[in-house]
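An overview of the molecular structure
Take a look at the letters that make up each chain.
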Amino acid sequence: MASTHACRTRTRRHAQNSVGGTRGGGKLASSSTRYACGLSALTTDEPDPDAFARAIAAEATTVDAGFALLFFSQSLVDASVLAHALRLHAPSLDYAGCSTAGEITPQGLEEGHVLALLLPKASFSTASTMVENLSSSGMDRITGEVASLRRLLRGRAGHERAKRVFALCFIDGLSYAEEAVTSAIHWGLDDIPLIGGSAGDDLKFETTRLISNGKVASDSAIVVLIATDIPFHVFKTDNFIPTDEKLVVTAADPDHRIVREFNATNAAEEYAASVGMVPQALTPLSFASHPVVVKVGGEYYCRSIQRMHADGSLSFYCAIDDGVVLSIAQPKNMVEATRAALLDVERKLGGIDMVLGFDCVLRRLDARNRQVFRDISELYRTSNVIGFGTYGEQYRSMHLNQTFTGIAFGERRAVE
């Protein structure tokens, strides 16, 4: 059993692939990793949902898993085909998950993979629900469903385990509803900590997919409540510092998160001038490297730009409206900021076994642009971080951008 970053894992690696991967060598076609806290991760880059579902079923039997989290690239597998394979090969296993904008596997940052995280019954009790048709759903309905989910979990978990609960949410990243949905979920959770990520589609911005126990949908959200004996800590980290350069939204389409004007000037032109560029040169990399932030309750939160339109208007990943005052932000060292956050969590938790993380796709783009992609990937690998690249992150009551939100687990022995 290898030891890294106060963590213990066992990894089985299969089917070596000679194609060069994101880590600069031959990437793994598939792998299986078991963590000391009892969680088990499977990953593959093979476009064979049946084979992966069979592997999930076998591992679920071995570790006696009652639930699985699934994160997948739509460039590799179709959500409906994956759901069908799970129904065929693992009919008794409950699961929830979504499509991604990149994956974080036990080997680091990847693209074009499927990742499954299995939760053993010995340490985890779960309850989940999919809220469909977000565009026509009242937020009271979502809060009510979360309250029902809490009652269901209390019935499944023992009295002591039910005292230690966290919530995960996955939301269609193209729904324009993340703020309202996150707030509604948080309201229904009371004091249960919430983290999550918005589903992606490999930066195509066409359709994201969520899957839950045979259901496949867009315009939806999934809530998973998890009670566990394993010590855990929920956290977030980012890597930007606000500057004095201000952009005031003077013309916007809030329903579609589009800004047409900053400071009474064409949005793309004003933004480009503020970051020392010309509008024609703006790309997703530009937006990732020069984020804008808004001040809420004394803290700054990113309001990331998604893309530029032909008329110079800008689409955002987060809610935006007339009168909002944004500040141009200056990024700081992503690797060191993330390392510091992980060390802080390690101190608070008394050691990290593994981390389930939701990492904004813009951080991935910025890491490539600043040539620290391999460094951040290696930090995730050695820190036992797994998860996926998102179109937005959820943290307690907030929907965020250009942020890493995560839940760190300690080792099982810490509670035995």
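For the structure given in this document, a descriptive report is provided here. Numbering of residues begins from 1 in every chain and follows the order in which that chain's sequence is written. Selection of residues for local features in this predicted model requires a pLDDT of at least 70, selection of side-chain atom pairs for listing and counting requires 80 or more, and totals for whole chains, interfaces and linings are taken over all residues. The basis for the side-chain values is all heavy atoms of the structure; hydrogens and waters are excluded.

1. Quick word on the packing of aromatic side chains
Defined as follows: The criterion for an aromatic pair is that two Phe, Tyr or Trp rings (for Trp, the six-membered ring) have centres within 6.5 Å, with stacked assigned to planes under 30 degrees apart, edge-to-face to planes over 60 apart and tilted to the rest. Where helices and strands are cited, they refer to DSSP runs of H or I of at least four residues and of E of at least two residues respectively, numbered from the N terminus.
Applying the stated criterion across every chain, the model contains 16 aromatic pairs. Considering the side-chain rings of Phe 170 and Phe 358, the 6.0 Å spacing of their centres and the 65 degrees angle between planes classify their relative orientation as edge-to-face. Linking Phe 170 in strand E11 (residues 165–172) with Phe 358 in strand E25 (residues 354–360), this pair joins segments that are 188 residues apart in sequence. Among the aromatic residues, those joined into a ring-pair cluster are Phe 71, Phe 170, Phe 358 and Phe 388.

2. Describing unusual backbone geometry
Rules: Per-residue accessibility, obtained with a 1.4 Å probe over protein chains only, is compared with the maximum for each type, and a residue is labelled buried under 20%, exposed over 50%, and partly exposed between these values.
You will see that Tyr 176, though not glycine, has its phi angle at about 60 degrees, which is positive. Secondary-structure assignment places Tyr 176 in the loop between E11 and helix H4 (178–189). The partly exposed category is assigned to Tyr 176, whose relative accessible area is 43%. The backbone of Asp 202 sits at a positive phi, close to 55 degrees, despite the residue not being glycine.

3. Observations concerning the pattern of salt bridges
Note that side chains of opposite charge can pair when their charged atoms are close. Rule in force here: Note on definitions: salt bridges are taken to be side-chain nitrogens of Lys or Arg within 4 Å of carboxyl oxygens of Asp or Glu.
Going through the model one piece at a time under the given rule, you end up with 17 salt bridges. Across the pair Arg 257 and Glu 178 runs a salt bridge, and its minimum N-O distance is 2.5 Å. One end of the pair, Arg 257, is in the loop between strand E17 (240–253) and strand E18 (258–262); the other, Glu 178, is in helix H4, with 79 residues separating them in the sequence. For Arg 257, a relative accessible area of 3% corresponds to the buried category. Arg 339 is the partner of Glu 336 in a salt bridge, and the nearest nitrogen-oxygen pair spans 3.5 Å. In this pair, Glu 336 and Arg 339 both sit in helix H7 (residues 334–349), 3 residues apart, roughly one turn of the helix. Residue Glu 336 is classed as partly exposed on the basis of its relative accessible area of 43%. Residue class for Arg 339 comes out partly exposed when judged on its relative accessible area of 34%.

4. Let's talk about the sheet that holds strand E10 (residues 124–131)
Quick reminder of the rule: By definition, two strands form a pair when at least two bridges between them are found by DSSP. To get an axis, fit a line to the C-alpha atoms, keeping to the stretch in contact for a helix; angles then go from 0 to 180 degrees between the N-to-C directions. Residues are treated as being in contact if the distance between any of their heavy atoms lies within 4.5 Å.
Strand order across the open sheet formed by 6 strands is E10-E15-E11-E12-E27-E28, with mixed pairing between neighbours. Two strands bound the open sheet, and with one partner strand each, they are E10 and strand E28 (398–400). Each adjacent strand pair in this sheet contributes to an overall mean axis angle of 20 degrees, direction not counted. Pairing analysis gives 6 bridges linking E11 to strand E12 (residues 194–199), with the strands arranged parallel. Each bridged residue has a counterpart across the sheet, and for Leu 168 the counterpart in E12 is Ile 195. Relative to the sheet, helix H3 (residues 139–156) contacts E10, E11 and strand E15 (221–228), its axis offset from that of E10 by approximately 155 degrees.

5. Comments concerning the state of the cysteines
We count it as follows: In this description, the term disulfide denotes a pair of cysteine sulfurs within 2.5 Å.
Counted according to the given criterion, the structure contains 0 disulfides. Residue Cys 98 stays outside any disulfide, its sulfur separated by 9.9 Å from that of Cys 169, the closest cysteine. For Cys 98, a relative accessible area of 0% puts it in the buried group. In this structure Cys 318 is a free cysteine whose sulfur lies 7.9 Å from that of Cys 302, the closest cysteine sulfur available. Relative accessible area serves as the criterion here: at 0%, Cys 318 is assigned to the buried category.

6. A short note on the environment of His 89
Filter applied, for reference: For the purposes of these results, a polar contact is taken to be a pair of N or O atoms within 3.5 Å, where, inside protein, one atom must be able to donate a hydrogen and its partner to accept one; residues adjacent in sequence count only when each atom of the pair is a side-chain atom.
Within the element layout of this structure, His 89 appears in helix H2 (residues 79–89). Among all residues touching His 89, those that are not within four sequence positions of it are Asp 50, Ala 53, Arg 54 and Ala 57. Separated by 2.9 Å, the side chains of His 89 and Asp 50 make a polar contact.

7. Regarding the nonpolar core
Our working definition: Remark: nonpolar core denotes a set of buried residues (Ala, Val, Leu, Ile, Met, Phe, Trp, Tyr, Cys) joined through side-chain atoms within 4.5 Å.
Counting 38 residues, the largest nonpolar core has Leu 39, Leu 69, Phe 71, Leu 117, Leu 168, Phe 170 and Phe 409 as the members making the most contacts within it. Not counting residues within four places of it along the chain, the set of residues in contact with Phe 71 comprises Cys 98, Thr 100, His 113, Val 114, Leu 115, Phe 170, Leu 356, Phe 358, Gly 387 and Phe 388. If you look at the next biggest cluster of nonpolar residues, it comprises 25 residues, including Ala 65, Val 77, Leu 82 and Ala 116.

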